[in-house]
Amino acid sequence: MEGPGGRAKPNARPDPHRSRPGSYVQLLKVNRERLVSQVKNAQCLLDNLIQNEYFSNEDAEIASQFHTRADKVRKIMDQVQSKGEEASEYFIYILEKVPDAYFDLQPWLKEIGYHPSPQMQNKSVVNTDPVSQYSEKIRHELCRDSKYITSYSEKEEMLLQETYIDSLMELVSDANENMGVVKCLGDLFDDNGVINAEGETVFIFGDAGVGKTVLLQKIQNLWARKELFTDAKFFFRFKCRTFSCFKKKETMSLKDLLFKYNCFPDGDQEDVFRYILRFPHTAIFTFDGFDEIHSDFDVTRIPEISSPFDSTHPVVLLMHLLSGKLLERSRKVLTARTGTQVQKNIVRKRVMLRGFTSENLQKYTKKFFKDEIFEQLVLNHLGANPNLCSLCSVPLFCWIIFKSYKHFHSMYDSYQLPKCAITLTDIFLLIVEVYINRSMKTSPLRRRTKSQAETFGACKDVLFALSRLAHNGIEKSHFVFGQDEVSFFLSDQDLQLGFLRTVDEYTGCADESTYEFFHLTLQSFLAAFFLVLDENASTFEMLKFFNQCSIPGTRQSSLYPIPCFRDRNTKKEDPFRNNEHLQFVNLFLCGLLSKPKESFLRHLVSTITIKKKRKVLRQYLFRGVKLHLKILPRTKEGEFNRVQAMPNFIWMLRCISETQSQKVGKLVARGICANYIKLTFCNAHSADCSALSFVICHLRKRLALELDNNNINDYGVKQLIPCFSKLTVVRLSVNQITDLGVKVLSEELTKYNILTFLGLYNNLITDVGAKYVSDIIEGCTKLKYLKIGCNKITSEGGKCLAHAIQKSKSIFDIGMWGNKIGDEGAKAFADALRNHPSLTNLSLACNGISTEGGESIAEALQHNTSLRILWLTENKLNDEVAERFAEMLKINRTLKNLWLIRNEITFDGALSFLEVLKENTAIEEICLHGNQIRPPDPNPLEEETRIIYY
Ligand SMILES: Nc1ncnc2c1ncn2[C@@H]1O[C@H](COP(=O)(O)OP(=O)(O)OP(=O)(O)O)[C@@H](O)[C@H]1O
């Protein structure tokens, strides 16, 4: 075993191609103490030295006899050196091949410029390091656990790979303004869309069933299969509801939380934990359902921990992890339902999950219905029913609808998806029916119950018991049930229905099984069902959840669900209470007590009870809506009496529409005395448009409707059809609307010719849609304002719009910022401007306009007497264009504000305005900042304050 000769050169410059280094024996000798102190894992060395026959078992035993790690390493080094150069090199080779175990020595290996000899490169090194093994174990477990979508009992049907479809993820600011989309899941961890560089948590939020849990599962699965493209070694996943299981006095250490409630290391725990503490950026955490934490103690009373080795309540650990007080720089993803507030300073990015776009929905349909004929049939149904499509944009509802369709189709060949509007209550009744039917199919007493009422009637008792359990849980914000609680209400056979599933995640909390409803929304549905079925439920009880969902503003404290993040005066309320699940109970209550459900319910509860409950609910809704509308903030602006609605207003509309009672709709419409409803940032989605229409179509007066910054998309536009005859203002900016939606707008709005304002800023409109917008401009002869900036309109679309604008005698304000109409489009706008009778404000900012387009506009303005403000910010306009504008100002006396910010104008261009301004006193400002203006000293531009260039 003779090694290469020569002298050791421990500090030689790195030479990656070096094949004959100095003596490795020498190298070990010279660096002995450094190696002894920094080799933390002796076992991995021994394992490999034995496997490659450098050591006999006896050699290993001798080294193992030493008690301290340092002595063991010393002995191994002695033995290796005594065995010569090859063994000594192999010792170093192991250090290089297992960086997880010998991370401290990686700089040393670089220092000595270690490059394995060809002989070494053929040797194997097994990684028996506990850190690597732990990482592999987590990967293995996650791969297994994320394989199926676990929400439902029929695992075989829900392979993640075969089910998952990307859905729309938007990066949003604190004010929920769109900041772009997340294209792939790995991007969640990049620096794009960061709103707070000090924050460490990526906060993903969205409505019930929109796919937050499944999204995390997909991230877990990608990481487990090494497809997430991160260097993370560890992945810890938590369900926030787990934290509700811990008793008030329970304490644990961070190490226990990680190892006992996730994955337990087989090797030395201490080594692994030390590694995680030392390299926290190698850990990813996911915390699902922040809204589902329920805690009945005040965390503010528990002292904060300063060391990762201290024990404290698990909720405190959670909060410290999220804020970075523990394991700073680890990556965290937190999900919650929309409306759940998380303290701003812990959030790094905010991502809003919007559900399926129409394209996603098509892909999901394809995946769900493997049979092409079937798939086409469903797509046809969807195409014919925008209400159905809207519901299907929420993946959970889509799954329920498709699942029910498949099920009923297998039972009755001619089963059709509903052609008319269906409600959420219908959907949940369907899925309950599917589950009951399924269990009956396998029962020895198999019986085909045809009507829904009969099916429910046959299971009345078990449904009652299930719904009581659900209601009990909702009352106490309990979403996890212990064995005792479940056994009290249900038999083993009842559990076979599949509404409840056992969950392993909480086994740390108790020795017995724990259960949860397969989805929280189902628990809300069954809780509402209980309120309807229970003949003894008092009015107070029935309406209790409405009261608890009181209007924001009256419950300031709910803005801070976690006590340690709240101010002290507000700590009496349940810190974790999020009321969306209660809103769902209310919604389902309205649906179940609606008139069309009366005959169905008769099989389950007496007609008198139903009627009594319906009456109480209706009265409550009338009063509640009136009160709600009264307290909303109002402003008077010109002809408009504007009311700013809150997200709760959307819930109110949803409840009213769920009643399906025209009478209720009419009454509510009568209560709306404002003529401008502003519903911006209310998280309204497409299905909410049908609820809005349900009320607005009963209005006697005309209405201005502002729905900017929601998620209504093309399906929503379709569902607004019944109310376009009433709408004078239609503001749908930032709403994912495509050309299809604009087509609908053009067909409908031109029928009534009452439109004055159309807002379509920041949607997905192309030149095709621009043609439809042109039709609206031509067809709506009262249209004054058009906001269509930040779409995908190029020169063709620009020309179309400009031609229509040229013909319009009413148009006053056009916003085209951020399209790409270029010089061709600009020339068409120049034609429109020449002699235009009414156009007063025009923005063509950020449209790729250069000399040719700029000159045409300047020339056209010589013949214009209407335009007051022109924005040409962020184009490619140069000094030539500036000179043309200066010439134009010799003639034009109406233009007041000319914005040429961030173009390519130099001092010479700016100077050309100086002379003309002596004559032109009409112009108020020419904004030139952000150009390349470097004035000399003395600066002639200083005489003219209307030229703003710095
Ligand atoms: N991206 C997706 N692709 C396919 N199916 C999905 C997707 N997202 C969700 N689903 C379906 O919707 C169901 C509900 O999703 P999930 O539980 O993730 O919703 P959630 O947003 O976590 O709801 P909640 O806030 O009520 O807990 C899933 O079980 C699955 O059937």
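Below is a summary of the structure that appears in this document. (Residues numbered from 1 in each chain as written. Predicted model: local features only at pLDDT ≥ 70, side-chain atom pairs only at ≥ 80, totals over all residues. Heavy atoms only, no water.)

## Quick look at the overall build of the protein
Rules: Under the scheme used here, helices are H or I runs from DSSP no shorter than 4 residues and strands are E runs no shorter than 2 residues, and both carry numbers assigned from the N terminus. Only protein chains enter the accessibility calculation, which uses a 1.4 Å probe; a residue whose area is less than 20% of its type maximum is buried, one above 50% is exposed, and one in between is partly exposed. Every residue pair with non-hydrogen atoms within 4.5 Å of one another is taken to be in contact. To measure how exposed things are, a 1.4 Å probe is used in the Shrake-Rupley method; for residues, cover is taken only from the protein chains shown.
Counting its secondary structure elements, the protein contains 39 helices and 25 strands. In the protein, which comprises 950 residues, the share counted as buried stands at 59%. Pairs at least 24 apart in sequence give 78% of the contacts found in the protein among residues at least 6 apart. Here the protein has roughly 39,800 Å² of accessible surface; of this, 50% comes from carbon and sulfur atoms.

## Concerning the site of the ligand
Defined as follows: Neighbouring residues are identified by heavy atoms, a residue being near a molecule or strand if any of them is within 4 Å of it. Whenever a nitrogen or oxygen atom comes within 3.5 Å of another N or O atom, the pair is scored as a polar contact, on the condition that within protein one atom can donate a hydrogen and the other can accept it, and that pairs from neighbouring residues in sequence are kept only if both atoms are in side chains.
Taken together, the neighbourhood of the ligand is formed by 23 residues, with I165, K212, T213, R337 and H519 sitting nearest. The backbone of G211 places a nitrogen or oxygen atom 3.0 Å from an oxygen atom of the ligand. One of the backbone nitrogen or oxygen atoms of L396 is found 3.3 Å away from an oxygen atom of the ligand. Taken together, the elements giving at least two residues each to the shell around the ligand come down to α11 (212-224) and α18 (395-411).

## Comments concerning helix α31 (residues 686-696)
Extensive coverage of α31 is indicated by the burial of 10 of its 11 residues. Taken together, the buried positions of α31 are S686, A687, D688, C689, A691, L692, S693, F694, V695 and I696. On its buried face, α31 is in contact with α17 (386-392), α29 (647-659), α30 (662-671), β16 (703-706), α32 (713-719) and β17 (727-731).

## Points about empty space enclosed by the protein
The following threshold applies: Method remark: on a 1 Å grid restricted to protein atoms, a set of points is classed as a cavity if a 1.4 Å probe fits but cannot get out and as a pocket if it is open with protein on both sides within 12 Å along at least five of seven lines; lining residues have an atom within 4 Å of a point. Grid points are joined across faces, edges and corners, and a volume is the space filled by probe spheres set on the points. Residues were grouped as follows: Ala, Val, Leu, Ile, Met, Phe, Trp, Tyr, Cys and Pro as nonpolar; Asp, Glu, Lys and Arg as charged; and all remaining residues, including Gly, as polar.
Using the criterion set out here, one finds six cavities of 30 Å³ or more in the structure. One number sums up the size of the largest cavity: a volume of about 100 Å³. D207, V210, L353, R354 and N711 are the residues nearest the centre of the largest cavity, which is lined by 13 residues in total. When grouped by side-chain class, the residues that make up the lining of the largest cavity number four nonpolar, seven polar and two charged.

## Side note on the packing of aromatic side chains
Any two aromatic rings considered together are summarised by their centre-to-centre distance and by the angle between their planes. For clarity, the threshold we go by: By convention, a stacked pair of Phe, Tyr or Trp rings (six-membered ring in the case of Trp) has centres within 6.5 Å and planes under 30 degrees apart, an edge-to-face pair has planes over 60 apart, and any other such pair is tilted. Criterion for a charge above a ring: Arg CZ or Lys NZ at most 6 Å from the ring centre, at most 35 degrees from the ring normal.
Going through the model one piece at a time under the given rule, you end up with 49 aromatic pairs. Here the aromatic rings of Y90 and Y93 are separated by 6.2 Å at their centres, their planes lie at 50°, and the arrangement is tilted. In this pair, Y90 and Y93 are both assigned in helix α6 (residues 85-97), three residues apart and thus about one turn of the helix distant. Of the two residues, Y90 and Y93, neither departs from the other in class, the shared state being buried. Connected via pairs of aromatic rings, a cluster forms that spans F103, Y134, F234, F236, F238, F259, F273, Y275, F279, F285, F287 and F309. Between the NZ or CZ atom of R139 and the centre of the ring of W223, over which it lies, the distance is 4.1 Å. When the ring centre of Y676 is taken as origin, the NZ or CZ atom of R642, which lies over that ring, is 5.1 Å away.

## What about the packing of α29 against α31?
Selection rule: Axis angles are defined between N-to-C directions and span 0 to 180 degrees, where every axis is a line fitted to C-alpha atoms and, for a helix, only to the segment in contact. With respect to orientation, any angle under 35 degrees is reported as roughly parallel, any angle over 145 as roughly antiparallel, any angle of 65 to 115 as roughly perpendicular, and every other angle as oblique.
One can describe the packing of α29 onto α31 by two numbers: an axis separation of 9 Å at closest approach and a directional angle of 70°. When the axes of α29 and α31 are compared, the pair comes out roughly perpendicular. Along its contact with α29, which presents I650, L653, R654, I656 and S657, the element α31 presents D688, A691, L692, F694 and V695. Its residues assigned to classes, the contact of α29 with α31 shows seven nonpolar, one polar and two charged.

## A look at the sheet that holds strand β12 (residues 514-517)
Within a beta sheet, neighbouring strands are joined by backbone hydrogen bonds and run either parallel or antiparallel to one another. What counts, and what does not: By definition, two strands form a pair when at least two bridges between them are found by DSSP.
Read across the open sheet, the three strands follow the order β10-β12-β11; overall the sheet is antiparallel. Of all the strands in the sheet, just β10 (481-482) and β11 (500-503) have a single pairing partner and so form its edges. Where β11 meets β12, four bridges bridge the pair, whose relative direction is antiparallel. Residue L500 lies in a different strand from β12, and its bridge partner there is F517. Taken strand by strand, helix α21 (residues 460-475) contacts β10, β11 and β12, and its axis lies near 95° from that of β12.

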